[in-house]
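# Residue-level structural notes
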Amino acid sequence: MKDLKHLIYFERLLDGANNELVQQAKADGKLALGYTCYFVPEVLLNLPGCFASRLRAPGTGSIDVGTYYMSSKICSYTRSILERGIEGGFDYLDALLSSETCQMMHRGHEHFEILDLVKKNNPRFFMTMMDVPFNDSPAAIDHYEEQLRTKLLDPLHDKLGVDTSDDAILAAIEAHNELCSLVRELGDMRKRDDPPITGYEFHVIQLVTLTCPQYLIMDKLRETLEEVRTRETDGKRPRARIVLTGSEIDDPEFTKLLEDCGAAVVADRYCYGSLPGREEIEILHGETPLRAVARHYLKTSQCPRFMNRGKADGRKEYIRELVREYKADGVIYNQMKFCEFWSYERVLGAHVLSEEMGIPTIGIERDYTLASAGQLRTRFQAFIESLEIKSIQGGKA
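To keep things clear, this report deals only with the structure shown in the data block. Everything numeric in this text was worked out from a predicted model, so none of it was measured.

Turning next to the side chain of lysine 316. Among the secondary structure elements, lysine 316 is positioned in helix α12 (residues 309-325). For lysine 316, the side chain forms a polar contact with the main-chain oxygen of alanine 312, separated by 3.3 Å.

Next comes the structure, spelled out in structure tokens:
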């Protein structure tokens, strides 16, 4: 297929956290609000005068210093974020908003405070940590809403003068929904038998929407959508269509590695992916904008920290529905090494999908970087070949 007009530009924006659009937004007087977890609602970090910046550590090499302050048994993503913070890579931030959802990242964010990172170069920088419930009951939504008010909105208003009124939240929701509608249309094109967008291209675009000031990329996203709507495909069918699920993937080279083996990643159900993440927020009758945000993020989350049986079973059903909707041939469960929640979810999910639901599934364990790319390529190639053989045999194992 013909290369997307803005793909190289989007790729360049992912080379570093403090990219050119972040610098432009800062020069415009905008506040940079950092976060790492879905449970810190992106929409509330894009209030008027602010922009959300979901943290990554692209180009990570040695993480010896991060390991020194934490432990080699902590996930390498957390250590990489801390290492990059120590290097000064996040000094552009005005605040780091955290949630006590992953204890490893919680510890990593604590070290930002302990080591006085960012603040020594930006005195107004501050951090907060909110408590997120383990279910989505009405009482849990009440608690989460209160946490969002006291640990996110109030500090932003009191320390940085951010407008956190209902009108401001409503405006942020409207802008958020416009972006989500655009990204979801791009993503839905992967359902076609001959998709006009690759999994790698979509991964790049999705990451750009998470890490760059959204008001500065909307024009190029609209152009890209129009381009993909009329894009001519090369007619080459992938060897296999894959649903990729699991823990944090913020490096599109991972998706490229998988697609270079002949697969097409048609659904991105992982942390930093669009499923969930790019659903529009609906305000129900009688709800305040903040209540709608709280309900939306708890109800849409597919995080394995929700351990009750209904949620656990629902996550497998969600994957099965993605397989059906995106016409996938198989599923790959990805787990960051030492990730507590996804370690058991990977093992259980791969078993349930393959043995009980009849969906070809494998699980992989990896580090934050692609240091083990050779081993991953071998696993991917073997899995794709097995899916091809199954297809030739008429769906028989």
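Right, let's talk about unusual backbone geometry for a bit. Going from leucine 275 to proline 276, the amide bond is cis rather than trans, its omega being -5 degrees. Turning to its location among the elements, proline 276 is positioned in the loop between β6 (263-270) and α11 (289-300). One non-glycine residue, lysine 327, adopts positive backbone phi at about 55 degrees. Along the chain, lysine 327 falls in the loop between α12 and β7 (330-336).

Their axes nearest at 9 Å, the elements helix α10 (residues 252-260) and helix α14 (residues 373-392) cross at an angle of 45 degrees. Put simply, α10 runs oblique to α14. Read as a crossing pair, α10 and α14 show a hand that is right-handed. In this structure, α10 uses Phe254, Leu257 and Leu258 to contact α14, whose residues at the interface are Ala373, Leu376, Arg377, Phe380 and Ile384. Tallied by class, the residues present in the contact of α10 with α14 amount to seven nonpolar, no polar and one charged.

Looking now at the state of the cysteines. Summed over all chains, the structure comprises zero disulfides. Cysteine 180 supplies the cysteine sulfur nearest to cysteine 212, a cysteine that is in no disulfide, at a spacing of 16 Å. Residue cysteine 212 is classed as buried on the basis of its relative accessible area of 1%. For cysteine 339, which is in no disulfide, the shortest distance to another cysteine sulfur is to cysteine 102 and amounts to 6.2 Å.

Let us now look at the sheet that holds strand β2 (residues 50-54). Taken in spatial order, the four strands make up an open sheet running β2-β1-β3-β4, and their pairing is parallel. Each edge of the open sheet carries a strand with a single partner, namely β2 and β4 (126-130). Here the strands of the sheet are splayed against their neighbours by 25 degrees on average, with no regard to which way each runs. Summarising the sheet, strand β3 (residues 95-99) and β4 pair through five bridges and their orientation is parallel. The residue bridging leucine 96 from the neighbouring strand is methionine 127, located in β4. Packed onto the sheet, helix α8 (residues 199-211) meets β1 (31-35) and β2 and runs at close to 130 degrees relative to β2.

About the cut-offs
- Residues numbered from 1 in each chain as written.
- Predicted model: local features only at pLDDT ≥ 70, side-chain atom pairs only at ≥ 80, totals over all residues.
- Heavy atoms only, no water.
- Helix = DSSP H or I, 4+ residues; strand = E, 2+ residues; numbered from the N terminus.
- Polar contact = N/O pair within 3.5 Å; in protein donor to acceptor, adjacent residues only side chain to side chain.
- Axes fitted to C-alpha atoms, helices over the stretch in contact; angles between N-to-C directions.
- Parallel < 35°, antiparallel > 145°, perpendicular 65-115°, else oblique.
- Left-handed = near helix turned anticlockwise from the far one by under 90°.
- Contact = heavy atoms within 4.5 Å.
- Nonpolar A, V, L, I, M, F, W, Y, C, P; charged D, E, K, R; others polar.
- Disulfide = S-S within 2.5 Å.
- Buried < 20%, exposed > 50% of the residue type's maximum accessible area, 1.4 Å probe, protein only.
- Pairing = 2+ DSSP bridges.

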